[in-house]
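Analysis of the macromolecular model
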Amino acid sequence: MSFFDGLRRGRAAQFDSGSAASNAIELTKRNPSVSLNKQGAATGNLRVNLSWRMRTSDIEGRSKQGGRLFRHPFRLFQPDVVQAHTQGVVNVDLDIGCLYELVDGGKGVVQPLGGFFGDLNAPPFVKLSGDDRFGSPSGETIYVNLDHRESIKRLLIFCYIYDQTPAFDRTHAKVTLYPSNGPRIEIELDERAPQARSCAVLTVENVKGELTVRRQVKFVYGFQAELDRLFGWGLQWGRGYKSSVGER
């Protein structure tokens, strides 16, 4: 068995087994959804994390690195990125947000822009932990209190590029869900969308008590209002702003 055959088999086995090696399920176009109920993870706090890093080789891109991997296969395991707050690379500020719709008809948004940080123990049962503006390893995190899942109809997790930052195809952006039980769930935002400003990453839908996480990864060239129209939320949008660093 060749070196690359081993890699391919390893990746397939990880997904099919629930990823015993890395304890992660990756949602892809071919495998876009997972039931939290079937994972035994429909209770407790669901942690949703957005992290991003900047490629060191923006001028090369991924395609030009492919040939070198065949000549030097062990480079696959060498890091090729730096943290986004490195000023010599670029100033990156990605934000995570959540559109919510409750069973009683209540709708709204949780996001850094405008200071809508939500509430974990009262409606909407969604809480943003803070606003990371420098691409730190911890990223930005939204918590969802699934002990109140009977009150939640659907959620849309999205991210958007704040002012004066590059497009998504210049960042390594990933959204990771950490349920209360079972493997974490990962969604890579690795599709090329050079001019996109926002991305609908995933939905969580409550259908007759079953919570299903579904990959969306739909890029749009506008902001929250365009995501709203795409998924039929029906909110009214106005201009928002962020407080100065350190303010809340």
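Across soluble globular proteins, nonpolar side chains show a tendency to be buried alongside one another. Counting residues in hydrophobic clusters, the biggest one holds 45 residues, and the most contacted among them are Leu-189 and Leu-202. If we ignore the near neighbours within four places in the chain, the residues touching Leu-189 are Cys-159, Ala-173, Cys-199, Val-201, Val-217 and Phe-219.

A separate point is the pairing of strand S11 (residues 171–178). Burial analysis of S11 places 6 of its 8 residues in the buried class, which makes it a mostly covered element. Taken together, the 4 bridges between S11 and strand S12 (residues 184–188) define a ladder with antiparallel strand orientation. Across the sheet, Val-175 pairs through a bridge with Ile-187, a residue of S12. Where S11 hands over to S12, the hairpin turn is made up of 5 residues, of which Gly-182 adopts a positive phi near 85°.

This part takes up the sheet that holds strand S2 (residues 33–35). Here 6 strands make up an open sheet; going across it, the order is S2-S14-S13-S10-S5-S6 and the pairing antiparallel. Of all the strands in the sheet, the pair left with one neighbour each is S2 and strand S6 (107–110). Taken over all neighbouring pairs, the strand axes of this sheet differ in orientation by 20° on average, direction set aside. Where strand S10 (residues 152–161) and strand S13 (residues 198–207) come together, 7 bridges link them in antiparallel fashion. Residue Phe-158 lies in a different strand from S13, and its bridge partner there is Ala-200. Strands in contact with helix H3 (residues 224–231) are strand S5 (94–102), S10, S13 and strand S14 (210–220); relative to S14, the strand with the most contacts, it is inclined by about 125°.

It is worth spelling out the pattern of salt bridges at this point. Across all of its chains, the model carries 6 salt bridges by this definition. The shortest N-O distance in the salt bridge between Lys-153 and Glu-101 comes to 3.5 Å. Of this pair, Lys-153 sits in strand S10 while Glu-101 is found in strand S5, placing the two residues 52 residues apart along the sequence. Residue Lys-153 is classed as partly exposed on the basis of its relative accessible area of 42%. Given a relative accessible area of 9%, Glu-101 falls into the buried group. Of the charged contacts, one joins Glu-101 and Arg-154 as a salt bridge, the two residues approaching to 2.6 Å between their closest N and O atoms.

Here the focus is the packing of aromatic side chains. Summed over the entire model, instances satisfying the criterion amount to 1 aromatic pair. Above the plane of the ring of Tyr-178 lies Arg-47, whose end atom (NZ or CZ) is 4.0 Å from the centre. Here Arg-154 stacks its cationic end above the ring of Trp-233, 3.7 Å away from the centre of that ring.

The omega torsion of the bond from Pro-123 to Pro-124 falls at 15°, within 30 degrees of zero and hence cis. Positionally, Pro-124 belongs in the loop between strand S7 (118–119) and strand S8 (126–128). Even without being a glycine, Phe-125 presents a positive backbone phi close to 65°. Position of Phe-125 relative to the elements: it lies in the loop between S7 and S8. Positioned with a positive phi, Lys-208 is a non-glycine residue whose angle comes to about 55°. Its place among the elements puts Lys-208 in the loop between S13 and S14. Under the relative-accessibility criterion, Lys-208 is labelled exposed at 89%.

Reading the values: the criteria
Residues numbered from 1 in each chain as written. Predicted model: local features only at pLDDT ≥ 70, side-chain atom pairs only at ≥ 80, totals over all residues. Heavy atoms only, no water. Core = buried A, V, L, I, M, F, W, Y, C linked by side-chain atoms within 4.5 Å. Buried < 20%, exposed > 50% of the residue type's maximum accessible area, 1.4 Å probe, protein only. Contact = heavy atoms within 4.5 Å. Helix = DSSP H or I, 4+ residues; strand = E, 2+ residues; numbered from the N terminus. Pairing = 2+ DSSP bridges. Axes fitted to C-alpha atoms, helices over the stretch in contact; angles between N-to-C directions. Salt bridge = Lys/Arg side-chain N within 4 Å of Asp/Glu carboxyl O. Phe/Tyr/Trp six-rings, centres within 6.5 Å; stacked < 30°, edge-to-face > 60°. Lys NZ or Arg CZ within 6 Å of the ring centre and 35° of its normal.

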